[in-house]
Amino acid sequence: MVRAGLTAERLTAAAADLADEVGFENVTLSALARHFGVKDASLYSHIRNLQDLRTRMAFLAGGEMIDRIAAAVAGRAGKDALAAFAGAYREFALERPGRYAATQIRVDQSLVAASPALRRTAEITYGMLRAYGLEEPDLTDAVRLLRSTFHGYCALEASGGFGAPRDVRRSWDKAVDALHITLRNWPREGQQDHELD
């Protein structure tokens, strides 16, 4: 255990590692202090409280996740980009469960705007979806569809929630195929109203 050289960055990285081992919800300031061989009070020179630590973990994990996704989608477009994005998302969620859980917490929007990692996440995600010809408000709706599909699938897979003998990777690939078809045939805002005329 190393006592000297505590920084907010070191504490955040150690907390993220701990989250992957024991679960995001089980990371406490006391557990983190024990890891560094210091008293809880020593942490408050670097982080304000548990919520501050969790927010820092969310930014760290979000940056690591989008780095992986960006590398996967580089040079790709359309279905290839979607499949690469989805694959990198799933791998991160399954390989780094504590970090992934950190990316799902609600963060103050004023802090989100100041985060380069989260801005980059939006740029890459929205950029991929613009290739399908989507504009606002359809872009936001499409992002929500992707996020809820990816998150729901990964959460069920991680918990062993798929009991059928069908290989989960094959089902994942089919889900991505279905999302691609949906995005190509997106019901654009106002289109339904026009069709009813």
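Just so you know, these numbers come straight off a predicted model, no measurement behind them.

**Comments concerning the packing of aromatic side chains**
Per the stated rule, a full pass over the model turns up 6 aromatic pairs. Measuring from ring centre to ring centre gives 6.3 Å for Phe-85 and Phe-150, while their planes differ by 35 degrees; the resulting arrangement is tilted. Of this pair, Phe-85 sits in helix H4 (residues 78–95) while Phe-150 is found in helix H8 (residues 138–158), placing the two residues 65 residues apart along the sequence. For the pair formed by Phe-85 and Phe-150, the shared burial category is buried. Measuring from ring centre to ring centre gives 5.5 Å for Phe-150 and Trp-172, while their planes differ by 40 degrees; the resulting arrangement is tilted. Placement of Phe-150 in helix H8 and of Trp-172 in helix H9 (residues 168–184) is noted, with a sequence separation of 22 residues between them. An identical accessibility class is assigned to Phe-150 and Trp-172; each is buried. Every member of this aromatic cluster is reached through a ring pair, and the members are Phe-85, Tyr-89, Tyr-100, Phe-150, Tyr-153, Phe-162 and Trp-172. Over the face of the ring belonging to Trp-172 we find Arg-90, whose NZ or CZ atom lies 5.7 Å from the ring centre.

**Considerations on the packing of H4 against H9**
Contact geometry of H4 with H9 gives a least axis separation of 10 Å together with a crossing angle of 135 degrees. Taken together, the axes of H4 and H9 lie oblique to each other. H9 is crossed by H4, and the crossing has right-handed handedness. When H4 is examined against H9, the residues Lys-79, Leu-82, Ala-83, Ala-86, Gly-87 and Arg-90 are found in contact with a partner set consisting of Val-168, Arg-169, Trp-172, Val-176, Asp-177, Leu-179, His-180 and Leu-183. A class-by-class count of the residues in the contact of H4 with H9 yields 8 nonpolar, 2 polar and 4 charged.

**Section: unusual backbone geometry**
Excluding glycine, a negative phi dihedral is what most residues carry, and trans is how most peptide bonds are arranged. Backbone torsion omega between Glu-136 and Pro-137 reads 5 degrees, so that peptide bond is classified as cis. Along the chain, Pro-137 falls in the loop between helix H7 (116–130) and H8.

What counts and what doesn't
Here the residue numbering is sequential within each chain, running from 1 through the sequence in written order. Given that this is a predicted model, residues contribute local features only at a pLDDT of at least 70 and side-chain atom pairs are listed and counted only at 80 or more, while totals for whole chains, interfaces and linings are drawn from all residues. Side-chain metrics in this entry use all non-hydrogen atoms of the structure; hydrogen atoms and water are not considered. Pairing of aromatic rings covers Phe, Tyr and the six-membered ring of Trp, with a centre-to-centre limit of 6.5 Å; geometry is then stacked below 30 degrees between planes, edge-to-face above 60, and tilted otherwise. Only DSSP runs of H or I with at least four residues qualify as helices, and only runs of E with at least two residues qualify as strands; both kinds are numbered from the N terminus onward. Only protein chains enter the area calculation, which uses a 1.4 Å probe; residues under 20% of their type maximum are buried, those over 50% are exposed, and those in between are partly exposed. For a Lys NZ or an Arg CZ to count as sitting over a ring, it must be within 6 Å of the ring centre and within 35 degrees of the ring normal. Throughout, an axis means a line fitted to C-alpha atoms (over the contacting stretch in the case of helices), and angles, computed between N-to-C directions, take values from 0 to 180 degrees. To sort the angles, those under 35 degrees are grouped as roughly parallel, those over 145 as roughly antiparallel, those from 65 to 115 as roughly perpendicular, and the leftovers as oblique. In this scheme the crossing of two helices becomes right-handed for a clockwise turn of the near helix relative to the far one and left-handed for an anticlockwise turn of less than a right angle. Any two residues whose heavy atoms approach within 4.5 Å at even a single point are treated as in contact. Here the nonpolar group is Ala, Val, Leu, Ile, Met, Phe, Trp, Tyr, Cys and Pro; Asp, Glu, Lys and Arg are the charged ones; every other residue, Gly included, is treated as polar.

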